[in-house]
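# Examination of the molecular architecture
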Amino acid sequence: MSIAENIQIIKEKISNAEKKSGRTAGSVKLLAVSKFHPANDVLEAINAGQFYFGENRVQEAVEKFTPILENNPQVQLHIIGSLQSNKVKNAVKIASCIESIDRIELLKEMEKQCSKLEKNIEVLFELHTGEDSKSGFESPEKIEEALKLCAENQFPHIIPKGFMTMAPFTTDESLIRTSFSTLRKLSEKMKIEFPQFDLNELSMGMSGDFEIAIEEGSTIVRVGTAIFGERDYSK
């Protein structure tokens with residue numbers, strides 16, 4: 001199967017999941033996760049009409065996407081992996097959104113770097129809901145604290161857009177569903193508490209569980225393997 005064919009299959013599955021859940025058609029965006037895949041694969045996806053991409057590692061993303069973004073202004077890149085403070089400078093240069101905000105210190109560094117570039121950047125707050133993943137804020141209260149600082153205009157270049165999580169790596173659907181519903185409930189609470197922000201994005205669901213995520217309210221599904229095939233970790 002080609003990358004274009006895989007994208008078509010995933011989009012059809014997303015559409016079916018939207019219908020099954022009573023969701024509006026087109027309410028779920030597909031983020032193609034291209035980590036460890038070459039630029040040619042990304043270009044093939046762009047030619048198939050895919051314009052949203054996710055990368056985990058900043059250095060790889062910079063090398064791969066700098067020329068792609070210059071030649072394809074419609075493309076948006078999200079950083080979805082854990083972000084070290086010393087990588088923020090390069091991350092904010094190429095990304096339209098950082099999905100993996102997991103500490104307030106990261107927001108401070110992002111504000112510092114974005115102010116130098118005079119660039120606004122969207123962010124999602126990552127909540128730790130799965131035992132296997134150590135990334136993300138440990139509690140909803142910590143995310144609430146971060147949003148309060150944003151509401152006080154502590155970070156004028158940062159635009160809160162919603163929330164992200166990774167479900168535990170398990171075949172137990174009830175555990176996966178609990179992970180996603182936990183994030184949805186946090187989102188519902190924070191939207192009431194912080195009406196000044198458009199907190200409508202819920203990034204949850206990957207190749208193996210995105211249909212469950214859509215049922216639980218996801219607006220962004222992060223799919224890599226089902227589009228690009230197995231990754232070559234030797235490169």
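None of these values were measured; they are calculated from a predicted model.

## Section: the overall build of the protein
- When helices and strands are tallied, the protein shows nine helices and eight strands.
- Since a compact globule built from 235 residues should have a radius of gyration of about 18 Å, the 17 Å found for the protein is in line with a globular shape.
- C-alpha extents for the protein along the principal axes are approximately 50 × 40 × 35 Å.
- Counting all 235 residues of the protein, 50% fall into the buried class.
- Put simply, of all contacts in the protein between residues at least 6 apart along the chain, 60% involve residues at least 24 apart.
- Working note: accessible area of the protein is about 11,200 Å², and carbon and sulfur atoms make up 48% of it.
- Within the protein, the 36 negative side-chain charges are centred at a point lying 2 Å from the centre of the 29 positive side-chain charges.

## As for the pattern of salt bridges
- Counted according to the given criterion, the structure contains 13 salt bridges.
- Ionic pairing is found between lysine 29 and glutamate 201, a salt bridge with its closest N-O pair at 2.6 Å. Of this pair, lysine 29 sits in strand β1 (residues 29-33) while glutamate 201 is found in strand β7 (residues 201-203), placing the two residues 172 residues apart along the sequence.
- Under the relative-accessibility criterion, glutamate 201 is labelled buried at 16%.
- Residue glutamate 55 pairs with lysine 64 through a salt bridge whose shortest N-O separation is 2.7 Å.
- Lysine 64 gets classed as buried once you look at its relative accessible area, which sits at 8%.
- Here the salt bridges share partners, and the residues they tie into one network are Lys20, Glu173, Arg177, Arg184, Glu188, Glu215 and Glu216.

## A short note on helix α6 (residues 140-151)
- Here α6 is twelve residues long and its end C-alpha atoms lie 16 Å apart, about the 16 Å a rise of 1.5 Å per residue gives.
- Residues of α6 that are buried: Ile143, Glu144, Ala146, Leu147 and Cys150. For α6, the buried positions fall inside an angular range of 160 degrees around the axis, keeping them on one side.
- Looking at the packing, one finds that the buried side of α6 touches α5 (104-117), β5 (121-126), β6 (158-164) and α7 (173-193).
- Trailing α6 by a residue or two, asparagine 153 shows a phi angle of about 65 degrees, which is positive.

Thresholds applied
Residues numbered from 1 in each chain as written. Predicted model: local features only at pLDDT ≥ 70, side-chain atom pairs only at ≥ 80, totals over all residues. Heavy atoms only, no water. Helix = DSSP H or I, 4+ residues; strand = E, 2+ residues; numbered from the N terminus. Rg over C-alpha atoms; globule rule 2.2 N^0.38 Å. Buried < 20%, exposed > 50% of the residue type's maximum accessible area, 1.4 Å probe, protein only. Contact = heavy atoms within 4.5 Å. Areas by Shrake-Rupley, 256 points an atom, 1.4 Å probe, with all protein chains shown as cover. Lys, Arg positive; Asp, Glu negative; His and termini not counted. Charge placed at Lys NZ, Arg CZ, Asp CG, Glu CD. Salt bridge = Lys/Arg side-chain N within 4 Å of Asp/Glu carboxyl O. Expected span 1.5 Å × (residues − 1). Arc of directions from axis to C-beta.

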